[in-house]
Amino acid sequence: MKHTYFFVILVGFSCTITQKTEIPTLSYSELKPFLYKEGNKTYVVNFWATWCAPCIKELPYFEAQNQNENIDVLLVSLDFPKHKESRLLPFIKKHQLKSKVVHLDDANENFWINAIDSTWSGAIPATLIYNQNKRMFYEQSFTEDELNQIINTF
């Protein structure tokens, strides 16, 4: 009986760990609803990749926004599909990211980059911040103070 109980706890714990590092791979059409949510929150959508040093540097600032229940953070990884298992998932686990993470894999970059914001060159990091009253796109990296100041304007 003791062994069975231990096994059930071990399996449950293993599933919890695995679920946290599984992230969906989406096409742009599947991502689009996340870019146009309605509600009383401020939505922060950050486009990043594990190979982008400025992206990695600013990730903790986005993670800190999760402490505010009025802010919904989505981290959209633009890592290459072949690197999802070998780089992206280990990175998420190692850094214990709490924000929702999705992996964007859509070969029609010219379409979805322009659809997200017509001024976006495609460079990262890039961030879309919006609520029901305001929508802004930033093709830049942030310091913690800059991100906090911008989010406070929403």
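Each chain has its residues counted from 1, running along the sequence as written. Thresholds applied to this predicted model are a pLDDT of at least 70 for local features of residues and 80 or more for the giving and counting of side-chain atom pairs; totals over whole chains, interfaces and linings are not thresholded and use all residues. Note that the side-chain values use all heavy atoms of the structure and ignore hydrogens as well as water.

**Overview of helix α5 (residues 109-116)**
Then comes step 1: A 1.4 Å probe rolled over the protein chains alone gives each residue an accessible area, and that area as a share of the maximum for its type sets the label: buried under 20%, exposed over 50%, partly exposed in between. Think of it this way: any DSSP run of H or I at least four residues long counts as a helix, any run of E at least two long counts as a strand, and we number them from the N terminus. Taken together, the buried positions of α5 are Trp112, Ile113 and Ile116. Viewed along the axis of α5, the buried residues span an arc of 100°, placing them on a single side of the element. What the arc covers is the set of directions going from the helix axis to the C-beta atoms.

**Overview of the confidence of the model for the chain**
Segments scoring low in pLDDT should not have their predicted coordinates read at a detailed level.
Then comes step 1: Here the chain averages 88 in pLDDT, while 86% of its residues score no lower than 70.
Then comes step 2: Predicted confidence is poor over residues 1-20, with pLDDT under 50, and the contacts of this stretch with residues over four places away or in other chains come to two contacts. Per residue, pLDDT captures the predictor's confidence, and it can take any value from 0 to 100. Whether two residues are in contact is decided by their heavy atoms: any pair within 4.5 Å suffices.

**Some words on the pattern of salt bridges**
Then comes step 1: Any carboxyl oxygen of Asp or Glu that lies within 4 Å of a side-chain nitrogen of Lys or Arg is treated as forming a salt bridge with it. Scanning all chains against the criterion turns up one salt bridge.
Then comes step 2: Lys37 is the salt-bridge partner of Asp72, the closest N and O atoms lying 3.2 Å from each other. Taken together, the residues Asp72 in strand β3 (residues 71-77) and Lys37 in the loop between α2 (28-31) and β2 (42-48) connect sequence positions 35 residues apart.
Then comes step 3: A relative accessible area of 25% places Asp72 in the partly exposed class.
Then comes step 4: Classification of Lys37 by relative accessible area gives partly exposed; the value is 30%.

**Things to note about the side chain of Asn131**
Then comes step 1: Along the polypeptide, Asn131 turns up in the loop between β5 (126-130) and β6 (135-138).
Then comes step 2: Any pair of nitrogen or oxygen atoms within 3.5 Å is treated as a polar contact; in protein, a donor-acceptor pairing is required on top of that, and neighbouring residues in sequence qualify only through side-chain atoms on both sides. Within the structure, Asn131 has its side chain in polar contact with the backbone nitrogen of Asn133 (distance 2.8 Å).
Then comes step 3: A polar side-chain atom of Asn131 sits 2.8 Å from the main-chain amide nitrogen of Lys134.
Then comes step 4: When residues no more than four places from it in sequence are discounted, the contact partners of Asn131 are Lys41, Thr42 and Phe154.

**As for the pairing of strand β4 (residues 100-104)**
Then comes step 1: The buried fraction of β4 is high, at four of five residues.
Then comes step 2: Between β3 and its parallel partner β4, the chain crosses via helix α4 (residues 84-95), and the hand of that crossover is right-handed. Note on handedness: a crossover is taken as right-handed if, strands pointing away from the viewer, the path from the first strand over the helix to the second is clockwise.

**A word on the environment of Asp106**
Then comes step 1: Within the secondary structure, Asp106 sits in the loop between β4 and α5.
Then comes step 2: Between the C-alpha atoms of Asp106 and Leu26, which are 80 residues apart in sequence, the distance is 7.5 Å.

**Looking at α4**
Then comes step 1: The span expected for a helix works out to 1.5 Å for each residue beyond the first. For α4, which comprises 12 residues, the first-to-last C-alpha distance of 15 Å matches the rise-based estimate of 16 Å (1.5 Å per residue) to within 8%.
Then comes step 2: By the burial criterion, the buried members of α4 are Lys84, Leu88, Leu89, Phe91 and Ile92. Down the axis of α4, the sector holding all buried residues measures 150°, keeping them to one side.
Then comes step 3: Where α4 terminates, the next one or two residues include Gln96, which has phi positive at roughly 50°.

**Here we look at unusual backbone geometry**
Then comes step 1: With an omega dihedral of 5°, the bond running from Ile124 to Pro125 counts as a cis peptide bond.
Then comes step 2: Following the sequence through the fold, Pro125 ends up in the loop between α5 and β5.
Then comes step 3: Positive phi values are uncommon outside glycine, yet Gln96 reaches one of about 50°.
Then comes step 4: Mapped onto the fold, Gln96 is located in the loop between α4 and β4.

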